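Survey of secondary and tertiary structure
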Amino acid sequence: MIDLVNQINATHRELGNAPLSTGGDGRSVLLRRTYDATVEDVWDACTDPARLARWLAPVEGDLRPGGSYQLQGNAGGEVLRCEAPRLLRVTWSMGEGMASEVELRLAPSDGDRTALELEHTAPAGIVDEMVRRFGPGGTIGIGGGWDLALLGLFMHLGAAAFDPATWQDTAEAKAFAVGSCEAWGAVVQAAWGTSDEDRTAAVAFATGHFAPR
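I will try to describe carefully the structure that is included in this document.

What counts, and where the lines are drawn
- Residues numbered from 1 in each chain as written.
- Predicted model: local features only at pLDDT ≥ 70, side-chain atom pairs only at ≥ 80, totals over all residues.
- Heavy atoms only, no water.
- Helix = DSSP H or I, 4+ residues; strand = E, 2+ residues; numbered from the N terminus.
- Contact = heavy atoms within 4.5 Å.
- Salt bridge = Lys/Arg side-chain N within 4 Å of Asp/Glu carboxyl O.
- Buried < 20%, exposed > 50% of the residue type's maximum accessible area, 1.4 Å probe, protein only.
- Pairing = 2+ DSSP bridges.
- Axes fitted to C-alpha atoms, helices over the stretch in contact; angles between N-to-C directions.
- Patch = residues over 30% accessible without salt bridge, like charges linked within 9 Å, V, L, I, M, F, W, Y side chains within 5 Å.
- Areas by Shrake-Rupley, 256 points an atom, 1.4 Å probe, with all protein chains shown as cover.
- Polar contact = N/O pair within 3.5 Å; in protein donor to acceptor, adjacent residues only side chain to side chain.
- Expected span 1.5 Å × (residues − 1).

**Regarding the side chain of Thr194**
With respect to the secondary-structure elements, Thr194 resides in the loop between helix H7 (171-192) and helix H8 (196-210). Those residues in contact with Thr194, other than ones at most four positions away along the chain, are Pro136, Val188, Gln189 and Arg199.

**With respect to the pattern of salt bridges**
Inspection of every chain in the model, using the stated rule, returns 16 salt bridges. Measuring nitrogen to oxygen at the nearest pair gives 2.9 Å for the salt bridge that ties Arg27 to Asp128. Taken together, the residues Arg27 in strand S2 (residues 26-35) and Asp128 in helix H4 (residues 124-134) connect sequence positions 101 residues apart. In this structure Arg27 comes out as partly exposed when scored by relative accessible area, which is 28%. Given a relative accessible area of 37%, Asp128 falls into the partly exposed group. Among the charged side chains, a salt-bridge network with shared partners connects Glu14, Arg32, Arg89, Glu101, Glu103, Arg105, Glu117 and Glu119.

**Description of the environment of Leu106**
Within the element layout of this structure, Leu106 appears in strand S7 (residues 100-109). With a relative accessible area of 5%, Leu106 lands in the buried category. For the pair formed by Leu106 and Gly24, sequence separation is 82 residues and the distance between their alpha carbons is 25 Å. Not counting residues up to four positions away in its chain, the partners in contact with Leu106 are Val39, Val42, Trp43, Pro85, Arg86, Thr114, Ala115 and Leu116.

**Comments concerning the environment of Val127**
Tracing the backbone shows Val127 in helix H4. For Val127, a relative accessible area of 11% translates into the label buried. For the pair formed by Val127 and Arg27, sequence separation is 100 residues and the distance between their alpha carbons is 6.9 Å. Once you skip the residues sitting within four places of it in the chain, Val127 turns out to touch Arg27 and Ala122.

**Details of the sheet that holds strand S3 (residues 59-61)**
Pairing within the open sheet is antiparallel, and its eight strands lie in the order S1-S2-S8-S7-S6-S5-S4-S3. Strands at the two margins of the open sheet, each flanked by one partner only, are strand S1 (12-17) and S3. Neighbour-to-neighbour, the strand axes of the sheet open up by a mean angle of 25°, direction not taken into account. Across three bridges, the pairing between S3 and strand S4 (residues 68-71) is antiparallel. Residue pairing for S4: Gly61 is matched across the bridge by Tyr69. Against the sheet, helix H2 (residues 39-47) contacts S2, strand S5 (76-83), strand S6 (87-92), S7 and strand S8 (113-123), and its axis sits at roughly 155° relative to S7.

**Things to note about a nonpolar patch on the surface**
Together, Met98, Ile126, Met130 and Phe134 line one region of the surface with nonpolar side chains, adding up to about 390 Å² of accessible area. In this fold, Ile126 is placed in helix H4. Classification of Ile126 by relative accessible area gives partly exposed; the value is 40%.

**So, the side chain of Arg89**
Considering the arrangement of structural elements, one finds Arg89 in strand S6. In this structure Arg89 comes out as buried when scored by relative accessible area, which is 12%. Within polar-contact distance, the side chain of Arg89 engages the side chain of Glu101 at 2.6 Å. Residues in contact with Arg89, not counting those within four places in the same chain, are Pro19, Leu20, Ser21, Glu78, Val79, Leu80, Arg81, Glu101, Val102 and Glu103.

**Quick notes on helix H5 (residues 137-157)**
The terminal C-alpha atoms of H5 lie 30 Å apart, and with 21 residues this matches the ideal 30 Å at 1.5 Å per residue to within 8%. By the criterion of burial, H5 is predominantly enclosed, with 16 of the 21 residues buried. Remark: Ala159 follows H5 within two positions and exhibits a positive phi of approximately 65°.

Laid out in structure tokens, this is it:
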């Protein structure tokens, strides 16, 4: 069993502004946590197709700068930068959905540990309009989805046997997702001044995706 409280608290979460590779302004979700593994091992887990399939999803494509990739049942895009073992930046789109970008940054921490930062950035104008019209539930959901992915990476690096395609449907994963969305709700409220009522509605919207009642 996973210590859900410790795992939720293991990640630092924040909202920010980050430029897109096209030069446009972006809004981002940023996650930061430390793993008990070397930078080389974490990099390999995040870039080797065989290992990605064991904690995230099977991936196909030309996994080099300028190449394209597709995660099974998930996003696809283009590899923008790949500087082993420290930096990976890709475009990230679900079908014909909004184009966004994901950057993964790794650095040594406390000897053989690794500090990981993942920043997911989308066009500022589109994000601002979506939040204005629909509230911040989508942003909370994006953060919660990455929380689940980084928990999967933690389990993989710890040699836990699980199927990422089915694990997110377990009661354990759903409980984690609920706690994660609550944590992101607090981040949204602190960053954007969201009211208590709107925060509650946004968290409920996001958790409904991961743990429908």
